[in-house]
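# Descriptive analysis of the structure
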Amino acid sequence: MNRSEALTKIKRIVVKVGTSSLTYPNGAMHFSQMERLVRELSELSNQGYEVVLVTSGAIGAGVGLLNLPQKPTNVPDKQAVAAIGQLHLMHLYQKFFSEYGKRVGQILLSKDDILNKKRSHNAKNTFESLLHFGAIPIVNENDAVVVDEIKVGDNDTLSAYVSRLIEADLLVLLSDIDGLYTANPKTDPDAVKLDLVECLTPEIIALADGSGSSLGTGGMATKLSAAKIVNDAGINMVIANSFEPQILIRLFSGEDLGTWFKGQNLFQDYTHIESGEI
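Residues numbered from 1 in each chain as written. Predicted model: local features only at pLDDT ≥ 70, side-chain atom pairs only at ≥ 80, totals over all residues. Heavy atoms only, no water.

### Notes on the overall build of the protein
The number of helices and strands found in the protein is 10 helices and 8 strands. Counting across all 278 residues of the protein, residues that qualify as buried make up 53%. In the protein, of all internal contacts separated by at least 6 residues, the share reaching a separation of at least 24 is 76%. Approximately 12400 Å² of the protein is accessible, and the part contributed by carbon and sulfur atoms is 52%. (Helix = DSSP H or I, 4+ residues; strand = E, 2+ residues; numbered from the N terminus. Buried < 20%, exposed > 50% of the residue type's maximum accessible area, 1.4 Å probe, protein only. Contact = heavy atoms within 4.5 Å. Areas by Shrake-Rupley, 256 points an atom, 1.4 Å probe, with all protein chains shown as cover.)

### Let's talk about the confidence of the model for the protein
When pLDDT is averaged along the protein, the result is 87, and 89% of the positions lie at 70 or above. Throughout residues 210-218 the model reports pLDDT below 50, and contacts reaching past four residues in sequence, or to other chains, amount to 24 contacts. A low-confidence stretch, residues 268-278 (pLDDT under 50), is modelled with 26 contacts involving residues beyond four sequence positions or located in other chains. (pLDDT = per-residue confidence, 0-100.)

### Observations regarding the sheet that holds strand E2 (residues 50-55)
Spatially, the 8 strands line up as an open sheet ordered E3-E4-E2-E1-E5-E7-E8-E6, and their pairing is mixed. Each of the sheet's edge strands pairs with one partner strand only, and the pair in question is strand E3 (104-109) and strand E6 (196-197). Across 2 bridges, E2 lies against strand E4 (residues 136-141) in parallel orientation. Residue pairing for E4: Leu53 is matched across the bridge by Ile138. Where helix H9 (residues 220-231) meets the sheet, its contacts fall on strand E1 (12-17), strand E5 (170-175), strand E7 (236-241) and strand E8 (259-261), and the angle it forms with E7 comes to roughly 155°. (Pairing = 2+ DSSP bridges. Axes fitted to C-alpha atoms, helices over the stretch in contact; angles between N-to-C directions.)

### Some thoughts on H9
A rise of 1.5 Å per residue sets the reference length of H9, with its 12 residues, at 16 Å; its end C-alpha atoms lie 16 Å apart and thus fit the reference within 8%. Counting buried positions along H9 gives 10 out of 12 residues, so the element sits mostly inside the fold. (Expected span 1.5 Å × (residues − 1).)

### Quick look at the nonpolar core
Within the largest apolar cluster, 38 residues are counted, with the highest numbers of intra-cluster contacts made by Leu109, Phe127, Val139, Val162, Met237 and Phe261. Among the elements of the structure, E2, E3, helix H6 (117-132), helix H7 (155-165), E5, H9 and E7 are those that each provide at least two residues to this core. At 6 residues, the largest contribution of residues to this core is made by H9. Setting aside residues no more than four positions away along its own chain, Val162 makes contact with Val14, Val52, Leu109, Phe127 and Val139. Of all hydrophobic cores here, the second largest spans 37 residues; its members include Ile13, Val15, Leu37 and Leu53. (Core = buried A, V, L, I, M, F, W, Y, C linked by side-chain atoms within 4.5 Å.)

### Focus: the pairing of E2
Of all 6 residues in E2, 5 are buried, a share of seventy percent or more. Bridge count for E1 against E2 is 6 bridges, and the pairing is parallel. Bridging across to E2, Ile13 finds its partner in Val51. In this view, the connection linking E1 to its parallel neighbour E2 by way of helix H2 (residues 31-46) has right-handed handedness. (Right-handed = clockwise from strand over helix to strand, strands pointing away.)

### As for the pattern of salt bridges
Pairing between side chains becomes possible if they bear opposite charge and their charged atoms approach one another. Within this structure, the stated rule accounts for 15 salt bridges. Put simply, Arg3 and Asp256 hold a salt bridge, and the shortest N to O gap is 3.2 Å. One end of the pair, Arg3, is in helix H1 (residues 3-8); the other, Asp256, is in the loop between helix H10 (247-252) and E8, and 253 residues separate them in sequence. Its relative accessible area of 11% is what places Arg3 among the buried residues. (Salt bridge = Lys/Arg side-chain N within 4 Å of Asp/Glu carboxyl O.)

### Some words on the side chain of Glu35
As for its position among the elements, Glu35 is in helix H2. Here Glu35 falls in the buried class, since its relative accessible area comes to 18%. Of note is the side chain of Glu35, whose polar atom sits 2.2 Å from the side chain of Tyr100. When residues no more than four places from it in sequence are discounted, the contact partners of Glu35 are Phe96 and Tyr100. (Polar contact = N/O pair within 3.5 Å; in protein donor to acceptor, adjacent residues only side chain to side chain.)

Laid out in structure tokens, this is it:
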């Protein structure tokens, strides 16, 4: 099944947006970019898609609000900054979504909420009820209180877990890159973007290079890890550039944007996949 055929069968989508897509390098919120994302998600909802948003940006927003020179390095400070930033982030989402007539609900998760059978069942029921009410769930890791033992660590992986939990049809990872390249396009002028990845071979995995921005945690390695988690369950995934005009609308109109990772229907047990592993 090619991309166009897959798009005709998609009903439930998870969209993950990274910190670099929501904030400026100094941590201040990128309001116009955030409003554009909300508008496009609202349009997809109006078209009949069930939309779940996994958002980064809490620590980045907190850094900006507190005028800190950089992201804190010790755990108590990072958690405090996340608590401040999460409140600001959700206030902005609620404000922007309400302008388009959309209700939202916040879900803060840890890895244990997804991997523990009873807790994951409760979490899935919450998602289902929110979607039944026509609301858009907004998901983030519970950074204000989570400890390393139950921490997913990055929202690429979290969005993959969520996609499997709610049996989504497609995961869209929005970042500041156009997709997966044969080399680092910032340093290699001969780098070529891959439009389709049918299988995560060792050669494909080896293309991952570097980490996220100074305010974020994700990089290409975490995106390929997310692809592994969802593709094994038959869920398609696409990596696309959040700064590309009308990126979501154009993607769902069938434009060949980003890199499409084809679901394989292997249905492996994701409870054995640890954050960052492929």
